[in-house]
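Reading the structure
These are the residues of each chain, in order.
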Amino acid sequence: FGKTPLITLAEKNDDGSGMKQYLRLYFDVISLAFQTDSTRVVCHFPKGESGPTFKDLTKSPFDYHTLSHHGEDTEKLKLWTAVDRVYMEHWAYFLGKLKSMKEGQGTLLDHTMAVWGTSQGEAGHALKNLPLMLAGGTALGLKHQGHVAKKDMWVGSVWQTMLDRLGMPLPENFQAGLYDGVIKDVL
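Let me sum up the structure you'll find in this document. (Residues numbered from 1 in each chain as written. Predicted model: local features only at pLDDT ≥ 70, side-chain atom pairs only at ≥ 80, totals over all residues. Heavy atoms only, no water.)

Right, let's get into the packing of helix H2 (residues 17-35) against helix H5 (residues 74-100). Taken N-terminus to C-terminus, the directions of H2 and H5 make an angle of 25°; their axes are 10 Å apart at the nearest point. Taken together, the axis directions place H2 and H5 in an arrangement best described as roughly parallel. As for the relative orientation of H2 and H5, their crossing is right-handed in sense. Two secondary-structure elements touch here, H2 through Met19, Lys20, Leu23, Arg24, Phe27, Asp28, Ile30, Ser31 and Phe34 and H5 through Val86, Tyr87, Glu89, His90, Trp91, Tyr93, Phe94, Lys97 and Leu98. Here the contact of H2 with H5 is built from residues that sort into 11 nonpolar, 2 polar and 5 charged. (Axes fitted to C-alpha atoms, helices over the stretch in contact; angles between N-to-C directions. Helix = DSSP H or I, 4+ residues; strand = E, 2+ residues; numbered from the N terminus. Parallel < 35°, antiparallel > 145°, perpendicular 65-115°, else oblique. Left-handed = near helix turned anticlockwise from the far one by under 90°. Contact = heavy atoms within 4.5 Å. Nonpolar A, V, L, I, M, F, W, Y, C, P; charged D, E, K, R; others polar.)

Pasting the structure below:
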């Protein structure tokens, strides 16, 4: 790690190990920032996804953006699954790390709301019907019971639910009005 920037690390090894090492280190840094209360808000967009490391890691001839605009093409959907498998491996690592850290009467995961999501739905950019995962937050009143499918729900409703759990009022013109209220299924 040393003086090598994380992005350079992600692109360094053409066998995919650089990308995996980059993702692991990034999630370690986020976990440490939460654990030390250096911050409680992080937005992470994995880099290196269109570089050669990403392609070599998944054997995909396409970058992530091209895969997300798959047009229901079977080959692209299969490759997108391979990409997401890599990301989910590291997302699970991150959640496990938060769960292993004690905080108060629970764990850091209990006191953290973590979302994995995409703006790509049904082969294009979207604000509804997006695949999102909301994890943690049990100490904040979230109740997890598995998959919750909400047809035609704005993604802004997830953010509204999270703000509600923090006791924060909605900002003026929140999500340009594109939200449906808190998601009662997880409260």
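Throughout the structure, instances matching the rule amount to 5 salt bridges. A salt bridge links aspartate 28 to lysine 97, with the shortest nitrogen-to-oxygen separation between them at 3.5 Å. Note that aspartate 28 is positioned in helix H2 and lysine 97 in helix H5, a separation of 69 residues in sequence. The salt bridge involving arginine 165 is made with aspartate 164; its shortest N-O contact spans 2.6 Å. Taking the relative accessible area as the measure of exposure, aspartate 164 reaches 33% and is therefore partly exposed. One salt-bridge network, held together by shared partners, links Asp37, Arg40 and Glu103. (Salt bridge = Lys/Arg side-chain N within 4 Å of Asp/Glu carboxyl O. Buried < 20%, exposed > 50% of the residue type's maximum accessible area, 1.4 Å probe, protein only.)

That's the geometry; what it means functionally is another story.
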